[in-house]
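# Survey of secondary and tertiary structure
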Amino acid sequence: MTPSNAQLLWMYQTMVEIRDYEETMAKVYLEGKLPPNVQKGLAFDIGAGPVPGEMHLAAGQEPVAVGVCAHLRIDDTVVGAHRPHHFAIAKGVPLNEMTAEMFGKDTGLGRGKGGHMHLFDPAHKFSCSGIVGASMPPACGAALAAKKRGTDAVAVAFFGEGATNQGAFHESMNLAALWKLPVIFVCEDNKYAISVEKSVSTSIEWNSDRAVAYGMPGIGVAENDAVAVFKAAATAVARARSGAGPTLIEVKTDRYLGHFQGDPETYRPKGETATLRKNDPIPRLGAQLRELGLLDDDADKALRKAARDRVAAAYDFARKSPYPKPEDALLHVFI
Amino acid sequence: MTRKLTMAQAVSEAIAQEMSRDPEVFVMGEDVGKYGGIFSATSGLLDKFGKDRIMDTPISETAFIGAGIGAAADGMRPIVELMFVDFFGVCMDMIYNHMAKNIYMAGGNIRLPMVLMAGIGGGYNDAAQHSQCLYATFAHMPGMKVVVPSNAYDAKGLMMQAIRDDNPVVFLFHKGIMGLSWMSYFEGSTNEVPEAPYTIPFGEARIVREGADVTIVTLSQMVQKAVLAAEELAAAGISVEIVDLRTVVPLDKDTILRSVRKTGRLLIADEDYLSYGLSGEIAAVIAENLDSVALKAPIRRLAVPDVPIPFSRPLEQFVIPQVSAIVAAARALVAAPQPAISLEETHA
Ligand SMILES: Cc1ncc(C[n+]2csc(CCOP(=O)(O)OP(=O)(O)O)c2C)c(N)n1
Ligand SMILES: [Mg+2]
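Throughout what follows, the structure given in this document is the object of discussion. Please read all numbers here as calculations on a predicted model, not as lab measurements. (Residues numbered from 1 in each chain as written. Chains lettered and ligands numbered in written order. Predicted model: local features only at pLDDT ≥ 70, side-chain atom pairs only at ≥ 80, totals over all residues. Heavy atoms only, no water.)

## Topic: the packing of helix H9 (residues 253-263) of chain B against helix H10 (residues 278-287) of chain B
Residue and element names in this part refer to chain B. Note the threshold: For helices, the fitted line uses only the C-alpha atoms of the stretch in contact; every axis is such a line through C-alpha atoms, and the angle between N-to-C directions lies from 0 to 180 degrees. What counts as a helix is a DSSP run of H or I of at least four residues, what counts as a strand is a run of E of at least two, and both are numbered from the N terminus. For any pair of crossing helices, the crossing counts as left-handed if the nearer helix is rotated counterclockwise from the farther one by less than a right angle, and right-handed if it is rotated clockwise. Note on definitions: a residue-residue contact is assigned when non-hydrogen atoms from the two residues lie within 4.5 Å. Classes in brief: Ala, Val, Leu, Ile, Met, Phe, Trp, Tyr, Cys and Pro nonpolar; Asp, Glu, Lys and Arg charged; the others, Gly included, polar.
It is the contact of H9 with H10, at a shortest axis distance of 10 Å, that shows an interaxial angle of 65°. In the packing of H9 onto H10, the handedness of the crossing is right-handed. Where H9 abuts H10, its residues Lys253, Ile256, Leu257 and Val260 lie against Ile282, Val285 and Ile286. Split by residue class, the contact of H9 with H10 holds 6 nonpolar, no polar and 1 charged.

## Digging into the nonpolar core
For the record, the criterion: Working definition of a nonpolar core: buried Ala, Val, Leu, Ile, Met, Phe, Trp, Tyr and Cys residues. They are joined through side-chain atoms within 4.5 Å. Type-normalised accessible area, obtained with a 1.4 Å probe on protein chains alone, sets the label of each residue: buried when under 20%, exposed when over 50%, and partly exposed for intermediate values.
The biggest cluster of nonpolar side chains holds 168 residues, and the ones touching the most others in it are Ile15(B), Ile95(B), Phe138(B), Met159(B) and Phe171(B). It is helix H1 (residues 5-30) of chain A that provides the largest number of residues to this core, a total of 11 residues. Grouped together as the second largest cluster of nonpolar side chains are 22 residues, Ala230(B), Val240(B), Ala297(B) and Ala329(B) included.

## A closer look at the packing of aromatic side chains
Residue and element names in this part refer to chain A. Spelled out, the test is: When the centres of two rings from Phe, Tyr and Trp lie within 6.5 Å, Trp using its six-membered ring, the rings pair. Their planes under 30 degrees apart give stacked, over 60 give edge-to-face, and anything left gives tilted.
The tally for this structure, following the rule as stated, stands at 13 aromatic pairs over all chains. Ring centres of phenylalanine 87 and phenylalanine 158 lie 3.8 Å apart, and the angle between their planes is 10°; on these two criteria the pair is classed as stacked. Placement of phenylalanine 87 in helix H3 (residues 85-91) and of phenylalanine 158 in strand S3 (residues 155-160) is noted, with a sequence separation of 71 residues between them. Across this residue pair, the class does not change: phenylalanine 87 and phenylalanine 158 are buried. Geometrically, the ring pair formed by phenylalanine 103 and tyrosine 315 is edge-to-face, given 6.2 Å between the ring centres and 70° between the ring planes. Linking phenylalanine 103 in the loop between helix H4 (95-102) and strand S2 (126-128) with tyrosine 315 in helix H11 (residues 297-320), this pair joins segments that are 212 residues apart in sequence. Per residue, the accessibility class of phenylalanine 103 equals that of tyrosine 315, and both read buried.

## Points about the site of ligand 1
Let me state the cut-off plainly: The near set for a molecule or strand comprises every residue that places at least one heavy atom within 4 Å of it. Polar contact criterion, stated in full: a pair of N or O atoms within 3.5 Å, where within protein one must be able to donate a hydrogen and the other to accept it, and residues adjacent in sequence count only if both atoms are side-chain atoms. Here the open area of atoms and residues is found with the Shrake-Rupley method and a 1.4 Å probe, where only the protein chains shown may cover a residue. The distinction between a cavity and a pocket rests on a 1 Å grid over the protein atoms alone: a 1.4 Å probe fits inside a cavity but cannot get out, while a pocket stays open yet meets protein on both sides within 12 Å along at least five of seven lines, and a residue with an atom within 4 Å of a point counts as lining. For a cavity or pocket, the test is whether more than half of a molecule's atoms lie within 2 Å of its grid points; if they do, the molecule sits there.
The immediate surroundings of ligand 1 are formed by 22 residues, with His82(A), Arg83(A), Gly130(A), Asn190(A) and Glu61(B) found nearest. Surrounding ligand 1 is a set of residues that belongs to chains A and B. Val132(A) places a polar main-chain atom, nitrogen or oxygen, 3.0 Å from a nitrogen atom of ligand 1. Taking His259(A), its side chain carries an N or O atom lying 3.4 Å from an oxygen atom of ligand 1. With the chains in place, 98% of the 570 Å² that ligand 1 exposes on its own is no longer accessible. Its atoms largely coinciding with the cavity grid, ligand 1 occupies the largest cavity. Tallied by class, residues from the shell around ligand 1 come to 10 nonpolar, 8 polar and 4 charged.

Here's what the structure looks like:
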C-alpha cells in the first residue's frame, strides 16, 4: 500500500514538527546547565535549568514514528520507551501538555510528576516508560483488551534495538503470537544502545529475523524512510486489524544527537553524525512531494512556519505554566 | 601517597587494583567499557584490562547478573554493574532468589564472591524510575551484604573489601556524590584517598563528627547533607554527632547505641522510602534497647514520605530530605519537652 497524497503531506509535516520540537528542546534543555552558572568544576549540570533530568531526543528517527502512526486511529494504543517524543507527537498527544510535563509544571500531562520518559495521555492512548523493554508487555495488554472486546483497535510497541535482548521482548513476542494479539512490535535500530553498538550486543544483524522463532512475520526496513516504513506498517496494521495476529518490524534509523543530551559521544566515530545527516529523511520526503506536485517553496515555508509556531507556542505554554505546590507530591499515589 | 579522588575515581581505582592482583576478577555491565560506566565507576578500566575483562553486555540484566552468579559459583570474582538500582525490577529473581539464597540453600557449601554495584539516589530530577535508593529492599532480604559509601576514601576500602568477600555484596553508590562533571555533587564526598590498597571491614559505622546533643544516623549522600546541617546547627549552639553507617548489612548497632546513649536524641536521615525500611529498623534497634538508652525526646525520622520520586523540581525537593529539613528536625528534637519518666526513675 502506497500512501495517499494526504498521508504523504501529513508525514512530511509531522516530521518537520517533530524535528523542530526536538531541536528546540536541545536548546532549551541547555538553559541554566552550563558554566559559569553551575557548580565550579562542572562542565554541565543535569539537574539545573527549566527542563532538568535526562533528555533523550529522537532527531533523525522521525520516519519510524510517522510511517507507523499514519495508520493509527485515536482508539489505537501506542506504547513508547525512554525516547518518546516523536511517537507522542505522531500519535496526536497535545504539545502544550506534553511540554509542560517536561518542565515539571502543573498543567503537564502528569501534573509534573512523570517527566519526559513518563508521558501518559489516556485520551490519545499513549504512554511510555524509562525501563528498557517495558513497552511490549503493556502493548500486548492493550491488544488483548481490544480482542476481548471485539473491536478492531490495534496496539503498537515501539522500542530500540537495545531492548530486543531483554526477556520482556521475547516473552511478549511469544505471548502475542500465541494469542494472535493485534499488536505491532516496532524496533528502531539506531545502531546504538547508549555507547554499545548493536554488533556488540546482538547475535544477529536483523532483529526482524527473530520473528520466525515465534511464528509471526518479521519485516526489515533497510532505509530510514517514511514511505518505506509506511508500507511495512500498512501490512502489519492490516494484519493486526483483521485478527491475524502480530508482526515485528525493524527499521534501520539514525540517531543524530547523543543518547541523552550532554552525552560526550566519545564512542562514536568522528564525523559519524555529519554523514548520517546527509541522508536526512525530511528533505528527502520533501523532494518526493515536490516531484508529485504536492509541495512548492511557498507551501514548504508556510508549513514549516506553522510547525515552528505550534512548537514555540507549546514551549511558551510550558514556561508560563505554574509549578505544582510542593505538597502536591503527596497526592496521586492512589486515586 | 595520598591525593584527593572523587568517589567514582576511588571505586574504579579499587576495581583496577583488585583486577591487577587477582586474574579472577572481571567486570560486566551495560556501558562499562568505552563509556567507562554511566556514573564513571569503571572509568579507564577498558584501556587497562581490555574487553575480555571489562565486558559490555547486552541490555539483558537477568542473563548477565545470572551469569555473574554462575561465574562466582565457579570461583571467579565478577563485579556486575546494574546501571541504576531502579532496574532491579527486570532481574530481581536472579538477585534475591539465587544470588542471595544459594549459599544458604547449599548449606554453606558454595561460595559466591560476587559484587553487584549500582547507582542510587535522586536530587537531579530523573523521576520515579531512576531516582530511588532501595538499599533497604536488598537489606530486607537475607543473603546480601549491602554497602552504601558516602565518600571516596570509604568507597575504595569498602569496594576492595567487597571484591575479596566470598559472599554476594550489593555496592550502592549515590550518583550525587560520585563527583561527576555533569551533575552537581556534595564536595565533602571527594576526599583524600591513599594510593596503596586497603580494606574497610563491613559492619563498622564511622563517627563523622562528634557531638553531645543529637545523634544523626545516616548514610550515603545524606551524610554530606548532615555535615552541612551540623555546621549550621553548631552555629546555633546545637552539637550534633553524625554516624555514617557505611554498610546496612551488616549493621553496626553498637555504634548507633553508643552514640544515642550519649546524646539521648536520635534523628535518622534517610533517602529511601519511609515505611518498612531503614529508618524503622534503626528506630527498632533503639526501641529494643530502651532499658539502656535514655531518650530525651521521641525518635525522629526523615525519609521519602512513601511516594514515588516525582519529576518536577519543587516536588522532588519536597520529598527528598534536604539540609534544611535536617536542621529543622534536629532543632525540633532539642526543643522537645523532656519525657516525664526518665530511665533512672524507671529503674529506681
Ligand atoms: C532495564 C533497563 N536497563 C537499562 C536501562 C538504561 N538504558 C536506558 S536507555 C538504554 C539504551 C537503550 O537502547 P535502545 O533500546 O537501542 O534505544 P535508544 O536509546 O537507542 O533509542 C539503556 C541501557 C534502562 N533504562 N532500563
Ligand atoms: Mg538504539
